[in-house]
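So the chains spell out like this:
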Amino acid sequence: MRGVLWWVRSLMGDHDYERFVAHRARAHPGEPVPSEREYWRARYADADRNPGARCC
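Everything in this summary refers to the structure shown in the same document.

Definitions and cut-offs
- Residues numbered from 1 in each chain as written.
- Predicted model: local features only at pLDDT ≥ 70, side-chain atom pairs only at ≥ 80, totals over all residues.
- Heavy atoms only, no water.
- Helix = DSSP H or I, 4+ residues; strand = E, 2+ residues; numbered from the N terminus.
- Rg over C-alpha atoms; globule rule 2.2 N^0.38 Å.
- Buried < 20%, exposed > 50% of the residue type's maximum accessible area, 1.4 Å probe, protein only.
- Contact = heavy atoms within 4.5 Å.
- Patch = residues over 30% accessible without salt bridge, like charges linked within 9 Å, V, L, I, M, F, W, Y side chains within 5 Å.
- Areas by Shrake-Rupley, 256 points an atom, 1.4 Å probe, with all protein chains shown as cover.
- Salt bridge = Lys/Arg side-chain N within 4 Å of Asp/Glu carboxyl O.
- Axes fitted to C-alpha atoms, helices over the stretch in contact; angles between N-to-C directions.
- Parallel < 35°, antiparallel > 145°, perpendicular 65-115°, else oblique.
- Nonpolar A, V, L, I, M, F, W, Y, C, P; charged D, E, K, R; others polar.

Attention now moves to the overall build of the protein chain. Helix and strand counts for the protein chain stand at three helices and zero strands. Counting from the amino terminus, the protein chain carries its helices and strands in the arrangement α-α-α. Taking 2.2 N^0.38 as the reference for a compact globule, 56 residues should give roughly 10 Å; the C-alpha atoms of the protein chain span a radius of gyration of 14 Å, well beyond that estimate. With the principal axes as the frame, the protein chain shows a C-alpha extent of 35 × 30 × 20 Å. Taken across its 56 residues, the protein chain has 12% of its residues classed as buried.

If you want it as structure tokens, here you go:
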């Protein structure tokens, strides 16, 4: 069951902010990290500006 929950959360993007914070700490040490709310707001705004391969 734990594996299924991990997979569903990964599929839905629940771990994306955690990975983003780890990347920022590695690649841009000392720079401020946006809050989770700011991260998702910027991510959705970017997806709206650059629709890419979405179906709709």
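Right, let's get into the side chain of R24. Relative to the helices and strands, R24 is located in helix α2 (residues 16-27). Its relative accessible area of 17% is what places R24 among the buried residues. If we skip the residues at most four places from it in the chain, R24 touches P29, E31, P32 and V33.

A contiguous nonpolar surface patch, about 950 Å² in accessible area, is contributed by M1, V4, L5, W6, W7, V8, L11 and M12. Overall, V8 belongs to the partly exposed group, its relative accessible area being 37%.

According to the stated counting rule, one finds four salt bridges in the structure shown. Measuring nitrogen to oxygen at the nearest pair gives 2.4 Å for the salt bridge that ties D16 to R43. Of the two residues, D16 is situated in helix α2 and R43 in helix α3 (residues 36-49); the sequence distance between them amounts to 27 residues. By relative accessible area, D16 is classed as buried at 9%. Accessibility expressed as a relative area gives 36% for R43, which makes it partly exposed. Each of D16, R19 and R43 takes part in a single network of salt bridges with overlapping partners.

On to the packing of α2 against α3. Direction vectors running N to C along α2 and α3 enclose 100°, while the axes themselves pass 11 Å from each other. On the basis of the axis angle, α2 is roughly perpendicular to α3. Together, D16, Y17 and F20 of α2 and E36, Y39, W40 and R43 of α3 make up the contact between the two elements. Of the residues belonging to the contact of α2 with α3, the class tally is four nonpolar, no polar and three charged.

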